[in-house]
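Commentary on secondary and tertiary structure
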Amino acid sequence: MSDRTVADVLMKAARAAGKAGVKGRPPLSSTAKSPKKDQGKELALAETKQLGLNDAMEELRKKQSEFDPKRAAFWKETEQVPFIFLARALDMISNESGRLVITEILCNAFRTVIATKRSDLLAVVYLSANKVAPAHEGVELGIGDAAIIKALADAFGRKEDQIKSQMKALGDLGLVAKASRSTQRLMIKPTALTCVKVLETFRFIAKESGKESQDKKRARIKALLVAATDCEPQYLVRLLQAKMRIGLAEQTVLAALAQAAVLSEHPPVLPAQLEDRLDEAVQIMKRTYSVLPIYERVIPALLDEGISKLPNVCDFTLGVPIGPMLAKPTKGVSEVLDKFQDLVFTCEYKYDGERAQIHYLEDGSVEIYSRNAERNTAKFPDVIASLIKFKKPEVTSFVLDCEIVAYDRETNKILPFQVLSTRSRKGVIISDIKIQVCLYGFDLLYLNGKALLQEQLNIRREALYNSFVEVSGVFQFATATTSNELDAIQEFLQDAINHSCEGLIVKTLEKDATYEPAKRSNNWLKLKKDYMDSIGDSLDLVPIGGFHGRGKRVGVYGAFLLACYDEDADEYQSICKIGTGFSDAMLEERSESLQKNIIPKPKPYYRYGETLGVDVWFDTVEVWEIKAADLSISPVHRAANGIVDPNKGISLRFPRLLRVRQDKSPDQATSSQQVAEMYRAQHINHHPANGNNEED
DNA sequence: AACTACTGCCC
DNA sequence: GTTATGC
DNA sequence: GCATAACGGGCAGTAGTT
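Quick notes on the rules
- Residues numbered from 1 in each chain as written.
- Chains lettered and ligands numbered in written order.
- Predicted model: local features only at pLDDT ≥ 70, side-chain atom pairs only at ≥ 80, totals over all residues.
- Heavy atoms only, no water.
- Core = buried A, V, L, I, M, F, W, Y, C linked by side-chain atoms within 4.5 Å.
- Buried < 20%, exposed > 50% of the residue type's maximum accessible area, 1.4 Å probe, protein only.
- Helix = DSSP H or I, 4+ residues; strand = E, 2+ residues; numbered from the N terminus.
- Contact = heavy atoms within 4.5 Å.
- Near = heavy atom within 4 Å.
- Polar contact = N/O pair within 3.5 Å; in protein donor to acceptor, adjacent residues only side chain to side chain.
- Nonpolar A, V, L, I, M, F, W, Y, C, P; charged D, E, K, R; others polar.
- Pairing = 2+ DSSP bridges.
- Axes fitted to C-alpha atoms, helices over the stretch in contact; angles between N-to-C directions.

Quick notes on the nonpolar core
- Residues F83, F110, L152 and F202 are the most contacted members of the largest nonpolar core, which totals 99 residues.
- Take this core: its biggest share by element is 10 residues, from helix α13 (residues 250–263).
- Apart from the residues within four sequence positions on either side, L152 is in contact with G157, I163, L173, V176, A177, L225 and V237.
- Grouped together as the second largest cluster of nonpolar side chains are 39 residues, F340, Y351, L361 and F442 included.

Looking at the protein's contact with DNA strand C
- Around DNA strand C sit 17 residues, and of these S97, R371, Y531, D584 and R656 come closest.
- Expressed as a percentage, the sugar and phosphate content of the atoms of DNA strand C within 4 Å of the protein is 91%.
- Here a phosphate oxygen of DNA strand C and a backbone polar atom of G581 are 3.2 Å apart.
- In the environment of DNA strand C, a phosphate oxygen lies 2.7 Å from a nitrogen or oxygen atom belonging to the side chain of R656.
- When the residues that make up the surface near DNA strand C are grouped by side-chain class, the tally is 4 nonpolar, 6 polar and 7 charged.

A word on the protein's contact with DNA strand D
- Close to DNA strand D lie 44 residues, the nearest being G210, T252, K286, Q418 and S632.
- Counting only the atoms of DNA strand D that lie within 4 Å of the protein, the sugar and phosphate share comes to 95%.
- Take A249: an N or O atom from its main chain is 2.9 Å from a phosphate oxygen of DNA strand D.
- Mapped by element, the contributors of at least two residues to the surface near DNA strand D are α11 (213–227), α13, β14 (557–566), β15 (571–578), β20 (630–634) and β21 (649–653).
- Of the residues that constitute the surface near DNA strand D, the class distribution is 10 nonpolar, 20 polar and 14 charged.

Side note on the side chain of R355
- Assignment of secondary structure puts R355 in strand β3 (residues 354–360).
- Classification of R355 as buried rests on a relative accessible area of 14%.
- At 2.9 Å, the side chain of R355 and the backbone oxygen of M325 are in polar contact.
- Here D401 takes part through its side chain, which lies 2.7 Å from a polar atom of the side chain of R355.
- Here R355 is in contact with P324, M325, L326, Y369, S370, R371, D401, C402, E403, F442, Y515 and W524, once residues within four sequence places are set aside.

Quick word on the sheet that holds strand β1 (residues 326–330)
- One open sheet holds the 5 strands; their spatial order is β1-β12-β11-β2-β10, and the pairing between them is mixed. With one partner strand each, in any of the chains shown, β1 and β10 (480–481) form the two edges of the open sheet.
- Contacting β2 (345–350), β10, β11 (503–508) and β12 (520–528), helix α20 (residues 457–467) runs over the sheet at an angle of about 50° to β2.
- Across the sheet, helix α21 (residues 486–498) lies against β2, β10, β11 and β12, angled at about 20° from β2, the strand it touches most.

Side note on the environment of L248
- Here L248 is to be found in the loop between α12 (232–241) and α13.
- Linking L248 and G558, residues 310 residues apart in sequence, is a C-alpha distance of 21 Å.
- Contacts of L248, omitting those with residues within four sequence positions, involve L90, I93, I102, L106, S128 and V253.

This is the structure we're talking about:
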């Protein structure tokens, strides 16, 4: 089969389709954004027979000052909120790009729920935020594109291959679902979906496990799809994918929720105060959720007590993960000095491991949470067992912010992230552990019954230093300096890198130095070698394959397969895919240019992993400069195969496009020898278990 | 029992 | 994780 | 500056298949 024809046809089809339904980029083709309420209207009238639906939905468009919550309800107040109400609201939002308007529509929808069926607000918010449960509860759908494709084929009586090729063309399974709507009319119309029912089904899907669980999950999805009408299939699928793609995500949901609470108050807020109250409410809601990310707690409290009293009822709770504070990237020491001009600050090593937030409760129990609030407690029983050794006896409760790093206690050296990631993740037993870890503590958020979030970093850090003792290779404080001289910082950065760290985190100490949960704060700056221009690994590589874009990248390539050139064997060896660093214009240019160089099948002198699933192959014509943070041994890529590892190639960590090298031809690309040399130059600390005879 | 594709979650 | 983009 | 949505490598765990 010829890849060219398939690829070409799909690409053209996508362009012709004008990329309706996914926003973010002014479409290549000039099809104007046509309001699509017209289409929805007919479908709704024909199918749902819910008279008043369209009028009701029209109400949602109104400004919040003119909006009448009950007029937007087309169901009886005793009934559960229909799913189509939310789906239509989301569809309305998909046609908007302004965040204010999006927030307003969602706010109106929430107000209607509050005014009619308050008990459904929780489900409606969960669906709006595209979540199934709090992150730390570990509820997983276990449904990906492959499973959805099967379910769609099943529900609409289509062939999987057909769905797949339509997926390539439309770039979104939600749109495929929309296009698949069953033509046959059902004899008995299924009962309308409700938000509660949909959320409940998602939770059932998550619970399904073991033999034939995939069939059971698929059956549940099918049932939802069959019962769905109008735009419901599209949004069901997008919810299952956890990709809403309509410019709405959790932060906006929180804002809308806060505003809806204010606007639902009795007596109504005076117009003169309204704007301030709304802004304040949004801040309160975001802050509350950042320290207590559990809708089951926040929403009832919001409904019962109102937004103003929310902080009194919903506060940080030991055992519940706080959103970790994040750092802003900076390009160099001078930018850091610039941003922290007159402030006192400190520099800490940025360790290359995984972020951990450790909760130690009064009863001695422990929870360990990841950067994304996943409960990792069962992954680190060794950490829990060692707590007692580095915690001072007078410490009865704490929340520690730290980095867990793979560590070789023989050589006292930090091991690479790739080693850490090989640790088992579930139900780990201490005696089975092969990779030891060291904790690097850098912040203390809670101590002996008292939250420290509001304290400045110097206070929190003092508390940290006073509460724990270092145990070499088990628990150490993040290496820090308070020097504020450019040269000294530069040197400290080099020290960090020499000690197997990624770079530095620079933090304000005394002023503007509170812990800002869940924020990428300006008070923490990260400084990595590869952020700096003219420093860090950069390679000149050849695009040899393309992958059809999804979402806002439909109609262009979303990613490319890159290769280096092996001079000895005269072959191109895949080294990584690349999908970031392109401006929209650049991505279009490169897509268009490479499309002219499509070849029907890969050249015999291309080396690559078969599992990559390349959509389209290109002749070697261009050279792109790519920046990366590190080089790694790869299970799929083939660069420098046989040079560093007998059976494996080399790949790049965090690859991104810098620019197109118009001055270079493909055979002048970075050579496999150079790639191998760059890999060796990293001076990686090898784990003893991996260093010896692996393959003999 | 070994392999593979898929999924979720680290970075 | 990095990056680009619209508001 | 914030929020969102494109996209990266690579690992363990799981379900299904050979």
